[in-house]
Amino acid sequence: MTDTILTNGIKDRAGQNGYFKKGCNPLALTGRSKLQNERASLNQQIIRQMRMRAGAENLLRATSNNKVCDMVVLELSYINSNLQLLMEQLEGLNSSVEVYQNIQETSSIPLIPLGLKETKEMDFSVSFKDFILEHYSEDGSSFEEEIADLMDLRQACRTPSRNDAGIETLAKYFSHIPLLESRFFSATRQMGIFFTWYDSFTGVPVCQQNVSLEKASILFNIGALYTQIGTRCNRQTGSGLQDAITAFQKAAGVLHHLKETFTHTPSYDMSPSMLSMLIKMMLAQAQECLFEKIALSGIRNEFFSLLKMAHEAAKVGDTYDQVHQSMSQTPIKDNVPFFWSTVAQVKTHHYRSLAHYFLATALLDHQLRPSDDEDQQEKALSQAYDAMPDGRSPLDILRKREERRRIGKAHLRRAVIGHEEGLRIHSLCRHLRKLDVLQAILQASHNRSLAKFNDNDREDEFTDYMEAPDIVSKTEHKAEMETPMATKVKVTDFFRRLGPLSVFSAKQRWTAPRTVRLRLEDRDLGFTLRGDPAPVQVTSLDPLCPAAVDGLKEGDYIVAVGDADCKWMVVSEVMRLLKDVNEDGIDIRVVSLMDSGLPMPTKSATYCGGISKTYSMICLAFDDDKSPKGRKVTKKGSFLSWGVKNHLKSSSTLSLPTADYSGTLPWNKPCPTFPSSSSYNDSALY
């Protein structure tokens with residue numbers, strides 16, 4: 001599971017020979033890389049089956065031959081069965097948590113990481129070169145190095161290393177995306193660049209020309225990578241546990257930022273309801289690590305210490321119960337792996353049972369002595385319950401040995417029952433049964449509670465058993481979302497040579513650069529300059545001066561003086577170039593800002609499932625291994641007419657698949673299926 005960095009002999013821009021960050025080697029035979037390769041392969045198989053199904057549905061609507069209809073219906077049943085099998089395999093990948101755990105872990109309960117969203121390799125070169133030539137009137141081929149660096153950075157984001165360097169790689173690209181959006185993506189023009197990302201839970205592809213999908217997906221992967229870093233930490237040490245806590249809190253912070261910033265993402269794994277559940281799960285795992293950190297140095301067999309641990313364990317159990325309740329809501333339960341919901345259930349029972357065990361031990365092993373602080377013990381015990389058992393007062397329970405034993409046994413009974421329920425639920429999930437460490441921990445906890453219960457049981461005791469009340473959950477160290485600074489990395493614009501972004505952006509329009517000859521008349525150029533910050537702009541132009549006669553206009557931006565590019569120069573630097581003008585004069589290049597006019601409405605084509613004769617089918621027609629890089633997609637007439645019919649909609653987004661309860665898995669989980677295009681609901685976003 002070692003992350004690999006590719007090395008080369010290229011000198012970086014600092015001029016030093018060394019490692020050029022390329023992310024993990026996708027060819028390295030590590031457990032994590034195998035999972036990512038399998039995920040990519042499954043995504044391609046899913047999109048292939050969706051393409052076949054869309055074609056079969058088109059044929060079914062077009063033909064009136066009954067024999068052909070019967071054959072198509074049979075073929076559709078096979079395709080839907082294949083899609084269900086692929087979905088089960090993808091769920092198995094999301095359940096393979098053991099690959100992400102620390103290799104030294106032998107006695108810690110496994111944690112759940114998020115898998116990275118997969119994307120296709122992209123080639124910006126043709127589109128960016130054309131746009132630079134047309135919009136900025138620059139030679140696009142002179143920016144080949146910058147475009148190559150950008151593509152290398154995006155490619156590295158597909159396989160980031162599972163450490164801070166991987167976070168830095170993703171954060172750098174995330175910080176570059178707004179710069180690229182301002183440079184190249186205009187509301188009045190489509191670039192012909194399609195961003196394709198796959199849902200991490202369903203494998204359904206989403207394709208958009210809107211760069212917001214790219215930003216949201218990278219942000220999701222930053223959060224997912226934090227979860228993988230958290231699961232990799234060594235939780236047998238204090239520093240390792242603290243690193244895990246920080247990683248999960250940062251993951252929750254990133255996902256919360258994604259939820260609040262991108263509210264209309266077409267991919268269901270980034271929907272508000274799914275992100276809310278993921279945030280709860282990350283905070284629950286952080287709370288679990290906080291509990292482990294408290295217990296790492298050992299739990300003192302002392303009354304107040306045991307009550308404190310009972311509260312902490314109850315807190316972890318309640319947080320996982322909230323996670324499980326969130327996973328049980330529709331439509332989350334149809335897309336979340338059964339493994340995840342089972343783990344949340346098991347941990348809920350496990351930690352609540354631990355809470356009952358700790359409180360029972362405090363009551364059974366520690367009698368009130370004359371030297372003890374009676375008031376403090378009474379206060380601590382009263383805070384352990386919302387309502388005292390059988391209406392007893394805390395002081396009566398503390399003073400009477402038989403009452404302590406009776407209530408302690410009741411808590412032990414609930415601990416044993418809870419551990420047995422956890423083991424039962426554990427046995428229902430085939431993926432969970434593979435985790436021997438978890439089963440061993442559950443079984444050991446059950447045996448410990450059962451042994452203590454037997455030690456305090458009497459054969460001649462025939463009184464009615466009382467029901468132990470719930471323990472109040474509280475903690476001294478609550479897990480909180482932490483927004484990492486990694487999402488605010490300062491970067492240098494790849495295309496800085498195009499000029500200051502405040503002026504030279506995709507939303508602005510200029511005339512083609514014009515050459516104007518400047519000559520001195522009585523030591524006067526005939527105009528003044530302003531521009532701090534850059535670029536420099538012509539003001540107070542004398543309409544009778546030679547420069548005005550030669551074509552200079554009020555408000556022109558000076559982009560070059562002689563052979564010197566001055567887009568980034570301030571007034572003092574430009575004046576320094578102009579002060580030595582001789583009698584022959586000097587040539588300057590200027591551009592004039594044009595009125596952009598009313599912006600055209602942004603068009604965003606999205607597919608998220610199989611539909612017929614729409615823009616999505618154009619995207620589905622391309623395979624990574626068949627399409628040449630830089631190939632442009634021609635919009636078909638059917639999409640244009642379809643877009644006119646739906647002009648009132650902000651985007652053409654399909655709903656994700658819902659669950660089909662026609663079949664049941666061995667563990668009683670409904671098998672999700674993909675809906676036909678006829679079931680598409682126009683008003684649904686997810």
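Going by the annotation in an unreviewed UniProt entry, the name recorded for the chain is Rhophilin, Rho GTPase binding protein 2, with Oncorhynchus mykiss given as the source organism. Check the Sequence similarities (unreviewed entry) section of the UniProt entry for the chain; it says "Belongs to the RHPN family."

(A) Representation of the overall build of the chain. The helix and strand inventory of the chain stands at 18 helices and 14 strands. A burial count over the chain gives 52% of its 686 residues as buried. A separation of at least 24 residues holds for 76% of the contacts in the chain among residues at least 6 apart in sequence. Entry remark: accessible area of the chain is about 32000 Å², with carbon and sulfur atoms responsible for 51%.

(B) Seen up close, the environment of glutamate 482. Position of glutamate 482 relative to the elements: it lies in the loop between α14 (436–455) and β5 (509–510). For the pair glutamate 482 and alanine 251, spaced 231 residues apart in the sequence, the C-alpha separation amounts to 7.8 Å. Not counting the four nearest positions on each side in its chain, glutamate 482 is found in contact with Thr246, Gln249, Lys250 and Gly253.

(C) Summary view of the side chain of histidine 324. You can see histidine 324 is positioned in helix α9 (residues 303–327). Owing to a relative accessible area of 15%, histidine 324 belongs among the buried residues under this scheme.

(D) Layout of the nonpolar core. The biggest cluster of nonpolar side chains holds 130 residues, and the ones touching the most others in it are Phe124, Phe128, Phe184, Leu278, Trp340 and Phe495. Examining the composition of this core, we find that 16 residues originate from one element, helix α10 (residues 338–365), more than from any other. Once residues within four sequence positions are removed from consideration, phenylalanine 128 is found in contact with Ile147, Leu150, Leu180, Phe184, Met191, Ile193 and Phe495. Ranked by size, the runner-up nonpolar core spans 21 residues in total, among them Leu518, Ala547, Val574 and Leu578.

(E) How the structure looks around the state of the cysteines. A complete count under the given rule lists 0 disulfides for this structure. No disulfide involves cysteine 233; its sulfur sits 8.1 Å from that of cysteine 289, the nearest cysteine.

(F) Representation of the pattern of salt bridges in the model. Counted under the stated rule, the structure contains 27 salt bridges. One salt bridge connects glutamate 292 with arginine 235, and the closest N-O pair in it is separated by 2.6 Å. Here the residue glutamate 292 occupies a position in helix α8 (residues 272–296), and arginine 235 occupies one in the loop between α6 (211–232) and α7 (238–261), the gap between them amounting to 57 residues. By relative accessible area, which is 15% here, glutamate 292 ends up buried. Across the pair arginine 352 and aspartate 318 runs a salt bridge, and its minimum N-O distance is 2.9 Å. Of this pair, arginine 352 sits in helix α10 while aspartate 318 sits in helix α9, placing them 34 residues apart in sequence.

(G) Focus on the packing of aromatic side chains. Enumeration over the complete set of coordinates arrives at 14 aromatic pairs. Where phenylalanine 184 meets phenylalanine 495, the ring centres are 4.9 Å apart and the plane angle is 80°; that geometry is what we call edge-to-face. Of the two residues, phenylalanine 184 is situated in helix α5 (residues 164–184) and phenylalanine 495 in the loop between α14 and β5; the sequence distance between them amounts to 311 residues. By relative accessible area, phenylalanine 184 is classed as buried at 0%. A residue is classified by how much of its surface remains accessible, and phenylalanine 495, at 0% relative accessible area, is buried. Ring geometry for tyrosine 357 and phenylalanine 358: centres 6.0 Å apart, planes at 65°, overall edge-to-face. For the residue pair tyrosine 357 and phenylalanine 358, the accessibility class agrees, reading buried in each case. These aromatic residues form a ring-pair network of at least three members: Phe124, Phe128, Phe131, Tyr136, Phe143, Phe184, Phe495, Phe504 and Trp510.

Procedures and definitions
- Along each chain, numbering runs from 1 in the same order as the chain's sequence is written.
- Only residues with pLDDT of at least 70 get local features here, since the model is predicted, and only at 80 or more are side-chain atom pairs given and counted; chain-wide, interface and lining totals rely on the full set of residues.
- As a rule here, side-chain values cover all heavy atoms of the structure and leave hydrogens and water aside.
- UniProt positions are given in the numbering used here, feature names are shortened, and annotations may be inferred rather than shown by experiment.
- Secondary structure elements follow DSSP: runs of H or I no shorter than four residues count as helices, runs of E no shorter than two count as strands, and numbering proceeds from the N terminus.
- The cut-offs for exposure are 20% and 50% of the maximum accessible area for each residue type, with area from a 1.4 Å probe on protein chains only; residues under the lower value are buried, those over the upper are exposed, and the others partly exposed.
- For this analysis, residues touch if any pair of their heavy atoms sits within 4.5 Å.
- All accessible areas in this document rest on Shrake-Rupley with a 1.4 Å probe, and a residue is counted as covered only by the protein chains that are shown.
- As used here, the term nonpolar core means buried Ala, Val, Leu, Ile, Met, Phe, Trp, Tyr and Cys residues forming a set that is joined through side-chain atoms within 4.5 Å.
- Only a pair of cysteine sulfur atoms within 2.5 Å counts as a disulfide in this structure description.
- For this analysis, a salt bridge means a side-chain nitrogen from Lys or Arg found within 4 Å of a carboxyl oxygen belonging to Asp or Glu.
- Paired rings are identified among Phe, Tyr and Trp, the last through its six-membered ring, by centres lying within 6.5 Å, and are further divided according to the angle between planes into stacked (under 30 degrees), edge-to-face (over 60) and tilted (the rest).

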